[in-house]
Amino acid sequence: LSVVAGLADELAVMYAGRIVEQGPVDALLDNPQHPYTQGLIDSLPSRNKRGERLRQIPGMAPSLGNLPNGCAFAPRCSRASQACADEPPLQLLEGCSVRCFHPGAGAGEAHAQ
């Protein structure tokens, strides 16, 4: 991601073959709205204290031949709710396009299911 930040003006983050967040590289990396983008950023070694285990996004990516209905990231997402059973619409938020029913900060916050 740091190489991309130095080379690109725009960035698109994909999960399971779909763009989940897209926008200016600085806006996207400084204020990620999709929980997958936040998970990628949180897993960077520079975001961890020396000697600590690297943070990981829980679970496994789905098989592209057998994608779940609705949001493909929902089984791994701490923000998932009943709404995630449907495909989230692409919405403009904080200067980026994001495909999520629960965008924004607070990747660790769980929504009631």
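Below: a short report on this structure. (Residues numbered from 1 in each chain as written. Predicted model: local features only at pLDDT ≥ 70, side-chain atom pairs only at ≥ 80, totals over all residues. Heavy atoms only, no water.)

Let's talk about the environment of L40
Here is step 1: Looking at the secondary structure, you find L40 in helix α3 (residues 35-42).
Here is step 2: Residue classification places L40 among the partly exposed positions, given a relative accessible area of 27%.
Here is step 3: Sequence spacing of L40 and R55 is 15 residues, and the spatial spacing of their C-alpha atoms is 9.2 Å.
Here is step 4: When neighbours within four sequence positions are excluded, L40 is seen to be in contact with L1, V13 and I57. (Helix = DSSP H or I, 4+ residues; strand = E, 2+ residues; numbered from the N terminus. Buried < 20%, exposed > 50% of the residue type's maximum accessible area, 1.4 Å probe, protein only. Contact = heavy atoms within 4.5 Å.)

A few points about the sheet that holds strand β3 (residues 90-93)
Here is step 1: Taking strand neighbours across the sheet as the criterion, the four strands line up as β1-β2-β4-β3 in an open arrangement whose pairing is antiparallel. Lying at the two open borders of the sheet, with one neighbouring strand each, are β1 (10-15) and β3. Strand-to-strand twist across the sheet, computed as the mean angle between neighbouring axes with direction ignored, equals 25 degrees.
Here is step 2: Note that strand β2 (residues 18-24) and strand β4 (residues 96-99) share two bridges and pair antiparallel. Bridge assignment links Q22 to a residue of β4, and that residue is S97.
Here is step 3: Of the strands in this sheet, β1 and β2 touch α3, which is tilted by about 105 degrees from β1. (Pairing = 2+ DSSP bridges. Axes fitted to C-alpha atoms, helices over the stretch in contact; angles between N-to-C directions.)

Some words on the pattern of salt bridges
Here is step 1: This model, assessed by the stated rule, comprises one salt bridge.
Here is step 2: Here R18 and E87 are joined by a salt bridge, their closest N and O atoms 3.6 Å apart. Placement of the pair is R18 in strand β2 and E87 in the loop between α3 and β3, with a sequence separation of 69 residues.
Here is step 3: Overall, the relative accessible area of 29% leaves R18 in the partly exposed class.
Here is step 4: Under the relative-accessibility criterion, E87 is labelled partly exposed at 37%. (Salt bridge = Lys/Arg side-chain N within 4 Å of Asp/Glu carboxyl O.)

Topic: the side chain of E21
Here is step 1: With respect to the helices and strands, the residue E21 is situated in strand β2.
Here is step 2: Despite being buried, E21 has no salt bridge partner; R79 is the closest side chain of opposite charge, sitting 7.9 Å away.
Here is step 3: Polar side-chain contacts of E21 include one of 2.9 Å to the backbone nitrogen of H34.
Here is step 4: When neighbours within four sequence positions are excluded, E21 is seen to be in contact with L11, A12, V13, L28, N31, P32, Q33, H34, T37, C96, S97 and V98. (Lys, Arg positive; Asp, Glu negative; His and termini not counted. Polar contact = N/O pair within 3.5 Å; in protein donor to acceptor, adjacent residues only side chain to side chain.)

Topic: the pairing of β1
Here is step 1: Alternating positions in β1 separate cleanly, L11, V13 and Y15 being buried on one face and E10, A12 and M14 remaining unburied on the opposite face.
Here is step 2: In this structure, β1 lies alongside β2, joined through six bridges in antiparallel fashion. The residue bridging M14 from the neighbouring strand is I19, located in β2.
Here is step 3: Between β1 and β2, which follow one another and run antiparallel, lie two residues, and A16 among them has a positive phi close to 55 degrees.

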